[in-house]
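Residues per chain, in single letters:
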Amino acid sequence: MKKLNFLKFLLLFFLMNNTLIFSQKNIIGKSYKALISKSCKEFNDGGCTIKTFCTISFENKNVIIKYFVDANCTTTQREKLYEENAKKNNKSSTWSIKNSKIHIQNFTEFGDFEISENSIIGKEENNEKLEYVTFYEIIE
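Residues numbered from 1 in each chain as written. Predicted model: local features only at pLDDT ≥ 70, side-chain atom pairs only at ≥ 80, totals over all residues. Heavy atoms only, no water.

Asker: Explain the overall build of the protein residue by residue, including any values.
Answerer: Across its full length, the protein carries two helices and eight strands. The secondary structure elements of the protein, listed N-terminal to C-terminal, are α-β-β-β-α-β-β-β-β-β. Of all 140 residues assigned to the protein, the portion counted as buried reaches 29%. For the protein, contacts bridging at least 24 residues in sequence account for 43% of all contacts bridging at least 6. For the protein, the accessible surface area stands at approximately 10100 Å², while carbon and sulfur atoms represent 52% of it. (Helix = DSSP H or I, 4+ residues; strand = E, 2+ residues; numbered from the N terminus. Buried < 20%, exposed > 50% of the residue type's maximum accessible area, 1.4 Å probe, protein only. Contact = heavy atoms within 4.5 Å. Areas by Shrake-Rupley, 256 points an atom, 1.4 Å probe, with all protein chains shown as cover.)

Asker: Account for the pairing of strand β1 (residues 31–43), naming residues and giving values.
Answerer: As judged from the twelve bridges shared by β1 and strand β2 (residues 46–58), these two strands associate in the antiparallel manner. What sits directly across from E42, in β2, is G47. Once β1 ends, the chain turns through two residues before running back antiparallel as β2. Sheet topology places β1 next to strand β8 (residues 129–137); two bridges connect them, and they run antiparallel. Bridge pairing links Y32 to E137 in β8. (Pairing = 2+ DSSP bridges.)

Asker: Before we move on, can you summarise the sheet that holds strand β3 (residues 62–73) with the specific residues and values?
Answerer: Spatially, β1-β2-β3-β4-β5-β6-β7-β8 is the arrangement adopted by the eight strands of the closed barrel, whose pairing is antiparallel. On average, each strand axis in the sheet is inclined to that of its neighbour by 35°, with strand direction left out of account. With two bridges joining them, strand β6 (residues 113–115) and strand β7 (residues 119–126) adopt antiparallel strand pairing. Looking across to β7, one finds that E114 is bridged to I121. Relative to β3, helix α2 (residues 76–87) is tilted by about 165°, and along the sheet it contacts β1, β2 and β3. (Axes fitted to C-alpha atoms, helices over the stretch in contact; angles between N-to-C directions.)

Asker: I'd love a proper account of the state of the cysteines, names of residues and values included.
Answerer: Here a disulfide denotes one covalent bond, and it connects the sulfur atoms of two cysteines. Considering all chains together, one arrives at one disulfide under this definition. Linked covalently through their sulfurs, C48 and C73 form a disulfide whose S-S length is 2.1 Å. Across the disulfide from C48 to C73, rotation about the S-S bond amounts to roughly 120°, and the bridge is consequently right-handed. Taken together, the positions of C48 in strand β2 and C73 in strand β3 put the pair 25 residues apart, joining distant regions of the chain. A residue is classified by how much of its surface remains accessible, and C48, at 3% relative accessible area, is buried. By relative accessible area, C73 is classed as buried at 9%. With no disulfide partner, C40 has as its closest neighbouring cysteine sulfur the one in C48, 9.3 Å distant. (Disulfide = S-S within 2.5 Å.)

Asker: Help me get a handle on the confidence of the model for the protein, residues and values and all.
Answerer: When pLDDT is averaged across the protein, the result is 82; 81% of the residues are at 70 or more. Taken element by element, the protein is modelled with least confidence in helix α1 (residues 2–27), mean pLDDT 49, and with most confidence in strand β5 (residues 101–104), mean pLDDT 95. Counting interchain partners and residues more than four positions distant, the pLDDT-below-50 stretch residues 6–23 has four contacts. (pLDDT = per-residue confidence, 0-100.)

Asker: Account for the environment of S116, naming residues and giving values.
Answerer: By the element assignment, S116 lies in the loop between β6 and β7. Relative accessible area serves as the criterion here: at 35%, S116 is assigned to the partly exposed category. Distance in space between the C-alpha atoms of S116 and Y136 is 9.4 Å, their sequence separation being 20 residues.

Set out below in structure tokens:
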């Protein structure tokens, strides 16, 4: 009886570890992208429509997080300013999978991510309101 329980434990342990390893290998080399904000701004000399995106690219042990802006402004100088400011937030960090969720070290903007078939899903809190942010896989 003890041997059977031990075998069940080993089998369960093996399946859980393989699921985590499979999930981890499944996202290595993949990149995900989300539209994280969009706005319009009016100025005395014109205005802008601004869309901010975030991409997350998983490597073996590191993840690269990049922000970029698609700004459509009446002056190209203003567009370049928005684009350059977004790049200042780019960073690299480490990642791991815990309890079937992706944890990115020092990147708390969207919490831990849930893995879906072609996306990862994070959570963002805005003014005491919880919103889900879906990062879709970039297929090239």
